[in-house]
Each structure stands twice: as structure tokens, then as C-alpha cells.
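Fold and contact review
Each chain, letter by letter, is given below.
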Amino acid sequence: MNVAPHLLTEDRAEYERILDDALSTAHARPDLAGAGTRLTLAQLRALTLNATSLVTSAAASEYDHFVKVREQNRAALGARPPVPSDRPGPGAGVVAIFTVLVPVLAGAAAVILLLVGAVLRALAPSLVFGATLLTAGLVFGAVAAAGLLCAAAGLLVTALRNSPAEVSTGAAPDDELSRAREAWRRALLERGILPFLRDVLAATAPPTGPSPGPPVNQ
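Residues numbered from 1 in each chain as written. Predicted model: local features only at pLDDT ≥ 70, side-chain atom pairs only at ≥ 80, totals over all residues. Heavy atoms only, no water.

A tally of regular secondary structure across the protein gives seven helices and zero strands. Along the protein, helices and strands appear, N-terminal first, in the series α-α-α-α-α-α-α. Taken across its 218 residues, the protein has 24% of its residues classed as buried. Long-range pairs, those at least 24 residues apart, make up 80% of the contacts in the protein with a sequence separation of at least 6. Total accessible area on the protein stands at roughly 14500 Å², and carbon and sulfur atoms take up 67% of it. (Helix = DSSP H or I, 4+ residues; strand = E, 2+ residues; numbered from the N terminus. Buried < 20%, exposed > 50% of the residue type's maximum accessible area, 1.4 Å probe, protein only. Contact = heavy atoms within 4.5 Å. Areas by Shrake-Rupley, 256 points an atom, 1.4 Å probe, with all protein chains shown as cover.)

What follows is the structure in C-alpha cells.
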């Protein structure tokens, strides 16, 4: 089985897939009557693969356009600058740990100081140390609240940074490539594979004219 000069090796599998799809639906095509009876599907497939150069030449213009668009698309992808890495630097881990620990430690200290200060104020209202502990507890409570706000802001920034960005420039080449590929597939099927199968089946059809009668004895 030879590969057509204008059919690249990477497209050979696609050509065979289109051929297999056509053969699998041959029973539903009136113009392919005789497929599977006069010639088996395996025989038709082998004949079409052996005639790859002839069959694919019927869609040569569409194939050339498809290959051109594909090469341009690959060149555009190769020319894109490398995507910057999102890996955090060594200081980012320290900041994250600090952001998490500050609200926890400050909150725990605030609870302890407020409880101890409240107990001292209840037992000895005149004791100044109880008021000092209550004030310190309120300060640590404010620090914990500020830490929680910073952590929430950090989570929001991280979520926005990791959200998928809209790509507006990459869609056009992909769409053009899909259209070029589909145009080649359609032309290959309608102008190459199906006409070839019809010609092969017509060449193997039995004669339809009247059969000659027996010779007349004189």
C-alpha cells in the first residue's frame, strides 16, 4: 500500500478512518449497492488503499489548504512566549504561614487575657492588673480580626489569579484549522472515496443485456 505523494504520513490514519466510515454505511447508500456481495468490504478497503494516490488527488486543493493552515497554526504555537511559572518564591511560604498563625495565636491570647481579666475584675474590682489584662485582650482581639481580614483578602486574590483567563487570540487559528480539516474530509469523501467505490462496484457488476439464445441447427 503506497502513500500518496501529497498525503503526509500523519494524515494516513485519518484517510483510513474516513474510508472505514464510508464502508460501514455502504449498505445505506443506494449508489453503493453490491458492497459486501459482489465484493466484500475488506476487498473494497484494500482496493481503495492501494489507490490512495488516485483517490486523494480528487481533494488535493482542500488538502493543500489544510496542511498550510496546520503548519501556520503550529508555527504560531511555537512562537508564543513561555508561560510564566506560578510557583511561589521562597518568601511566599513564610508569608502564608504568618498569615495563618497570626489570627490563631492572637485570638487564643485574646480569649485567655479576657477571661483572666474578667475573673480578676470580678474578684478584686480595685485591682488595676485586671483592667490591664482586659485591655490587652481587646488589643489581641483586634489583631486577630485584622489577621482574618488579611487572610480572606489573600484567598480572594489567589482565586482571582487562578481563574481561567479569556483567550481571544487563540480561537481564530483553531477555528480556521477545524474548517480546513472538515473541508478536506468532505471533499475526500464526496469526490474521492465514494466515486472510486462506485466505479469499482460498477466494473464488477454482472452484464444486464439479454443473454444470447442457443445456436440454431441447420
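That covers the picture; the talk isn't over yet.
A separate point is helix 1 (residues 12–24). Compared with the 18 Å implied by 1.5 Å per residue over 13 residues, the 18 Å span of helix 1 between its first and last C-alpha is a close match. Taken together, the buried positions of helix 1 are occupied by Arg 12, Glu 14, Tyr 15, Ile 18, Leu 19, Ala 22 and Leu 23. (Expected span 1.5 Å × (residues − 1).)

On inspection of all chains with the given rule, the structure shows three aromatic pairs. Judged by centre distance (6.3 Å) and plane angle (55°), the ring pair of Tyr 63 and Phe 66 falls under tilted. Taken together, the positions of Tyr 63 and Phe 66, both in helix 4 (residues 60–79) and three residues apart, correspond to about one turn of that helix. In this structure Phe 66 comes out as buried when scored by relative accessible area, which is 1%. Between Tyr 63 and Trp 184, the aromatic rings sit 5.0 Å apart at their centres with planes inclined by 50°, giving tilted as the arrangement. In this pair, Tyr 63 sits in helix 4 while Trp 184 sits in helix 7 (residues 171–203), placing the two residues 121 residues apart along the sequence. Assessed through its relative accessible area of 2%, Tyr 63 is described here as buried. Owing to a relative accessible area of 1%, Trp 184 belongs among the buried residues under this scheme. (Phe/Tyr/Trp six-rings, centres within 6.5 Å; stacked < 30°, edge-to-face > 60°.)

As for its placement among the helices and strands, Ala 60 is situated in helix 4. Considering only alpha carbons, one finds Ala 60 and His 6, 54 residues apart in sequence, at a separation of 7.5 Å.

Take a nonpolar patch on the surface next. A surface patch of nonpolar side chains, about 380 Å² in accessible area, is lined by Val 100, Leu 101, Val 104 and Leu 105. Note that Val 104 resides in helix 5 (residues 90–123). Residue classification places Val 104 among the exposed residues on the basis of a relative accessible area of 53%. (Patch = residues over 30% accessible without salt bridge, like charges linked within 9 Å, V, L, I, M, F, W, Y side chains within 5 Å. Salt bridge = Lys/Arg side-chain N within 4 Å of Asp/Glu carboxyl O.)

Moving on, we come to the nonpolar core. One finds Tyr 15, Leu 44, Val 55, Phe 66, Trp 184, Leu 188 and Ile 193 to be the most contacted residues of the largest nonpolar core, which totals 29 residues. Looking at this core, the elements that each hand over two or more residues are helix 1, helix 2 (41–50), helix 4 and helix 7. In terms of residue count, the dominant contributor to this core is helix 7 (11 residues). Sequence-distant contacts of Val 55, defined by excluding residues within four places in its chain, comprise Tyr 15, Thr 48, Leu 188, Gly 192, Ile 193 and Phe 196. (Core = buried A, V, L, I, M, F, W, Y, C linked by side-chain atoms within 4.5 Å.)

Another point: the pattern of salt bridges. Across all of its chains, the model carries 12 salt bridges by this definition. With a shortest N-O distance of 2.7 Å, Glu 10 and Arg 74 are connected by a salt bridge. Placement of Glu 10 in the segment before helix 1 and of Arg 74 in helix 4 is noted, with a sequence separation of 64 residues between them. The partly exposed category is assigned to Glu 10, whose relative accessible area is 43%. What makes Arg 74 partly exposed here is its relative accessible area of 41%. For Arg 74, the salt bridge identified is with Glu 71, shortest N-O distance 3.5 Å. Linking Arg 74 with Glu 71, this pair stays in helix 4, spanning three residues, or about one helical turn. Glu 71 gets classed as partly exposed once you look at its relative accessible area, which sits at 39%. Here the residues in one salt-bridge network are Glu 10, Asp 11, Arg 70, Glu 71 and Arg 74, joined through shared partners.

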